[in-house]
Amino acid sequence: MRVFKEEQRFTQWWLILICLISGIGILLRLLSIEDFSENLSIGKLIGPIVGLLVCVGILFVKLHTRIDKFGIQVWFSPFSFTKKAFSWKDLETAHTRKYNAFSEFGGWGIRVFRKHKAYNVKGDKGIQLKTKDGKYFLVGTQQLKNVDRVTNRYFNIQE
């Protein structure tokens, strides 16, 4: 059985720079609170802590893609609730294509626009899936040729 696996991270230099600058700013803001016992309320901490968690989280999130004889699975770790699985028999089409993350989906990450959904972290190449019930799902990839080879092998068996 041929299996394709890919792990991707948000590695864009500008995103890492934004996270570092934001993280430093948030930490400096927290350190500037002079008297923690009197002036500190939960409301003052929620925003900075959430911001810090988002910045750190972006650096550790991974997009996983697995393609095998059963179908295509995709998820963001460490978030198991993001797992999507598409069996070959439930797909009408499966092919690779170029896309524009901003004009088609509004950016990278978990993106939803009407019947169109996307999981992507960078780049402009992906696996376009259309289910038999008319829903579209795009999975970003950096290994277009390998994805083409494995997808064509298993998808064409089902037809």
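Worth saying up front: this structure is predicted, and the values here are computed from it rather than measured.

## Some details on the environment of phenylalanine 113
Phase 1: Looking at where phenylalanine 113 falls in the secondary structure, it is placed in strand E6 (residues 109-113).
Phase 2: Taking the relative accessible area as the measure of exposure, phenylalanine 113 reaches 45% and is therefore partly exposed.
Phase 3: For phenylalanine 113 and tyrosine 136, which are 23 residues apart along the polypeptide, the C-alpha to C-alpha distance reads 9.8 Å.

## Thoughts on the sheet that holds strand E9 (residues 136-140)
Sheet strands associate in pairs through backbone hydrogen bonding, adopting either a parallel or an antiparallel arrangement.
Phase 1: Taken in spatial order, the five strands of this open sheet run E5-E8-E9-E7-E6, and their pairing is mixed. Each having just a single partner strand, strand E5 (91-98) and E6 make up the two edges of the open sheet. Within the sheet, the average angular offset between the axes of one strand and its neighbour, ignoring direction, is 15 degrees.
Phase 2: Note: strand E8 (residues 125-131) against E9, five bridges, orientation antiparallel. Following the sheet pairing, lysine 130 is matched in E9 by tyrosine 136.

## A word on helix H1 (residues 13-32)
Phase 1: Helix length check: H1 (20 residues) gives 28 Å between terminal C-alpha atoms against 28 Å at 1.5 Å per residue, within 8%.
Phase 2: Within H1, the full set of buried residues consists of Leu15, Cys19, Gly23, Ile26 and Leu30. Down the axis of H1, the smallest arc covering the buried residues is 70 degrees, so these residues share one side. Counted as exposed and oriented over 90 degrees from the buried face of H1: Trp13, Ile21, Ile24, Leu28 and Leu31.

Reading the values: rules and limits
Residues numbered from 1 in each chain as written. Predicted model: local features only at pLDDT ≥ 70, side-chain atom pairs only at ≥ 80, totals over all residues. Heavy atoms only, no water. Helix = DSSP H or I, 4+ residues; strand = E, 2+ residues; numbered from the N terminus. Buried < 20%, exposed > 50% of the residue type's maximum accessible area, 1.4 Å probe, protein only. Pairing = 2+ DSSP bridges. Axes fitted to C-alpha atoms, helices over the stretch in contact; angles between N-to-C directions. Expected span 1.5 Å × (residues − 1). Arc of directions from axis to C-beta.

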